[in-house]
Amino acid sequence: MIKDIELRNISRFRAEHMGMAMLFVILFHVALPRNDMFFGLRRMGNIGVDMFLFLSGIGLWFSWSKLKIDSVAVFGKEYLRFYCRRLKRIYPAWLIIACLYYIPRFDGTDWTDLFGDILINWDFWKRDELTFWYIPATMMLYLFAPPYMELIRRHPIYHWLVLVVVMWCILVQWVSPIHQSVGHIEIFWSRVPIFFLGINMGEMVKRQEKLDGQCIWMVWIMFGMALWSSIWLEQVRHGQFPLFVERMLYIPLTVTTIILLNRVFRRTPAWLNKSIAWCGALSLEAYLIHIQFVLRPIEQYHLGYWRTFLLTFAITMPLAWLLNTSISFIEKKCKRKDTSSPTLTAH
């Protein structure tokens, strides 16, 4: 008898999934010749981004569903608090890395552009500058998440809005006026569905629902079809099709990959799971550091794909830990200073 698929494992192994997603992203960013047999599979590392967004959506639902919203005023208050908590996790690391990257490259002319890039990566929204695109995209998704979560909590039928977003991606690609206006950030639009799908599945994961074990065969079929077709498109027709088409394949590929990884993590040694989870806990910092500050300098030495990957990973993770630890230390110092400061009382 095949054991049921326990959706709670998505939450149980969340850190491990984030760690695997980070490994996939690094594998994707390491350059590889177009004619290499591994090229198509290497391009599949791109689903690491979709895994991040899917898991983030589930996590956001866990947090939001605990709140009791009974009025517009309460919603506004909780919305600001909710968003500020998310920014607190992302923004300190982002500001440090953005300053380290953009300030040395500043030519002293356009100060508005400099501050815009540091604050919200403005050039991504203006002209699809992809250096750190995931950060502004995530902050934008976090803006829309609370209204969407409150909508589906009150009116569950709106779970189907995910399909509306898929339809929007088609319009962005092929309807000329829309494409000319917002088509340059297709990389953002094509990732919105998987984020909303994560929110949709949040309640199922929270309720610890189970799927009939027999559906594992359907999971394997969907996984195999999505993976094979994506690899074939990249290996044979790279550059000859709109990328959003492949990113629609990433939606079933992401969900089935996570379900299958759950079964792997249930059987792997605890020390291995903890190691991968440690990488997952530092995924934000690793994402910000690994390309521009580690991978680009290493690539100059032409060490080959796997050596470049291993060296990039080996250097990135300690730097990510150092950045995370430094920010935590500063935050603790600030909290202690605030609590130790004398308060003024009226006499």
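Structure shown above.
Each value, and the rule that gives it
Residues numbered from 1 in each chain as written. Predicted model: local features only at pLDDT ≥ 70, side-chain atom pairs only at ≥ 80, totals over all residues. Heavy atoms only, no water. Helix = DSSP H or I, 4+ residues; strand = E, 2+ residues; numbered from the N terminus. Buried < 20%, exposed > 50% of the residue type's maximum accessible area, 1.4 Å probe, protein only. Contact = heavy atoms within 4.5 Å. Areas by Shrake-Rupley, 256 points an atom, 1.4 Å probe, with all protein chains shown as cover. Patch = residues over 30% accessible without salt bridge, like charges linked within 9 Å, V, L, I, M, F, W, Y side chains within 5 Å. Salt bridge = Lys/Arg side-chain N within 4 Å of Asp/Glu carboxyl O. Expected span 1.5 Å × (residues − 1). Arc of directions from axis to C-beta. Bend = angle between axes of the 7 residues up to and from the residue. Disulfide = S-S within 2.5 Å. Phe/Tyr/Trp six-rings, centres within 6.5 Å; stacked < 30°, edge-to-face > 60°. Lys NZ or Arg CZ within 6 Å of the ring centre and 35° of its normal. Lys, Arg positive; Asp, Glu negative; His and termini not counted. Charge placed at Lys NZ, Arg CZ, Asp CG, Glu CD.

**Looking at the overall build of the chain**
Here is step 1 of the chain: When helices and strands are tallied, the chain shows 17 helices and 2 strands.
Here is step 2 of the chain: Projected onto its principal axes, the C-alpha positions of the chain cover 75 × 55 × 50 Å.
Here is step 3 of the chain: Going through the 347 residues of the chain one by one, you find that 47% of them count as buried.
Here is step 4 of the chain: Taking the intrachain contacts of the chain between residues at least 6 apart in sequence as the baseline, contacts between residues at least 24 apart amount to 78%.
Here is step 5 of the chain: Accessible surface, the chain: about 18,400 Å² in total, of which carbon and sulfur atoms supply 67%.

**Observations regarding a nonpolar patch on the surface**
Here is step 1 of the chain: Together, W278, Y301, L303, L311, I315, L319, W321 and L322 line one region of the surface with nonpolar side chains, adding up to about 770 Å² of accessible area.
Here is step 2 of the chain: Counting residues per element, the nonpolar patch draws most heavily on helix α17 (residues 305-340), at 5 residues.
Here is step 3 of the chain: In this structure W278 comes out as partly exposed when scored by relative accessible area, which is 39%.

**Overview of helix α15 (residues 270-281)**
Here is step 1 of the chain: Over its 12 residues, α15 runs 16 Å from end to end, which matches the ideal 16 Å to within 8%, given 1.5 Å per residue.
Here is step 2 of the chain: Among the residues making up α15, those that are buried are N273, I276, A277, C279 and G280. Along the long axis of α15, the arc covered by the buried residues comes to 155 degrees, so they all point the same way. Summarising the geometry of α15, the exposed residues directed more than 90 degrees from the buried face are W271 and K274.

**Digging into helix α5 (residues 72-102)**
Here is step 1 of the chain: With 31 residues, α5 should cover 45 Å at 1.5 Å per step; its first-to-last C-alpha distance of 40 Å lies more than 12% under that length.
Here is step 2 of the chain: For α5, the principal kink sits at I90 and spans about 35 degrees; a proline, P92, occurs within the next four residues.
Here is step 3 of the chain: Every buried residue of α5 is accounted for by E78, Y79, F82, Y83, R86, I90, A93, W94, I97, A98, Y101 and Y102.

**So, the state of the cysteines**
Here is step 1 of the chain: Tallied over the entire structure, the rule returns 0 disulfides.
Here is step 2 of the chain: The thiol sulfur of C84 is not disulfide-bonded, and the nearest other cysteine sulfur, from C334, lies at 16 Å.

**Some words on the pattern of salt bridges**
Two side chains bearing opposite charge may form a pair once their charged atoms approach each other closely.
Here is step 1 of the chain: As enumerated under the stated definition, the model contains 15 salt bridges in all.
Here is step 2 of the chain: A salt bridge links E6 to K3; its shortest N-O distance comes to 3.9 Å.
Here is step 3 of the chain: What makes E6 buried here is its relative accessible area of 13%.
Here is step 4 of the chain: Relative accessible area serves as the criterion here: at 45%, K3 is assigned to the partly exposed category.
Here is step 5 of the chain: Put simply, R127 and D123 hold a salt bridge, and the shortest N to O gap is 3.2 Å. Remark: D123 and R127 occur in helix α7 (residues 122-127); sequence separation between them is 4 residues, near one turn of the helix.
Here is step 6 of the chain: Among the residues examined, D123 registers a relative accessible area of 3% and is labelled buried.
Here is step 7 of the chain: Connected through salt bridges with shared partners, the residues D113, D123, K126 and R127 form a single ionic network.

**Brief notes about the packing of aromatic side chains**
Here is step 1 of the chain: A complete count under the given rule lists 28 aromatic pairs for this structure.
Here is step 2 of the chain: Centroid distance Y134 to Y287: 5.4 Å. Interplanar angle 65 degrees. Geometry classified as edge-to-face. Taken together, the residues span a long stretch of sequence, with Y134 in helix α8 (residues 134-154) and Y287 in helix α16 (residues 283-299) at a distance of 153 residues.
Here is step 3 of the chain: Ring geometry for W168 versus W189: centroids 5.5 Å apart, planes at 80 degrees, classification edge-to-face. Placement of W168 in helix α9 (residues 161-174) and of W189 in helix α11 (residues 186-189) is noted, with a sequence separation of 21 residues between them.
Here is step 4 of the chain: Looking at W168, the relative accessible area reads 28%, which means it is partly exposed.
Here is step 5 of the chain: The structure contains a cluster of three or more aromatic residues connected by ring pairs, namely F52, F124, W125, W133, Y134, W168, F188, W189 and Y287.
Here is step 6 of the chain: One cation-aromatic arrangement involves R42 over F28; the distance from NZ or CZ to the ring centre is 5.5 Å.
Here is step 7 of the chain: Lying over the aromatic face of F82, R86 brings its terminal NZ or CZ to 4.0 Å of the ring centre.

**Quick look at the environment of L260**
Here is step 1 of the chain: By the element assignment, L260 lies in helix α14 (residues 243-265).
Here is step 2 of the chain: Judged by relative accessible area, L260 falls into the buried class, the value being 12%.
Here is step 3 of the chain: In contact with L260, not counting residues within four places along its chain, are I216, V219, W220 and F223.

**A look at unusual backbone geometry**
Here is step 1 of the chain: Despite not being glycine, N121 shows a phi value in the positive range, around 50 degrees.
Here is step 2 of the chain: Relative to the assigned elements, N121 resides in the loop between α6 (111-120) and α7.
Here is step 3 of the chain: You can call N121 buried: its relative accessible area is 0%.
Here is step 4 of the chain: The phi torsion at H302 lies on the positive side, around 50 degrees, for a residue other than glycine.
Here is step 5 of the chain: Relative to the assigned elements, H302 resides in the loop between α16 and α17.

**Digging into a positive patch on the surface**
Here is step 1 of the chain: Together, K88, K332, K333, K335 and R336 give the surface a local cluster of positive charge.
Here is step 2 of the chain: Per element, the largest residue contribution to the positive patch is 4 residues, and it comes from α17.
Here is step 3 of the chain: Positionally, K333 belongs in helix α17.

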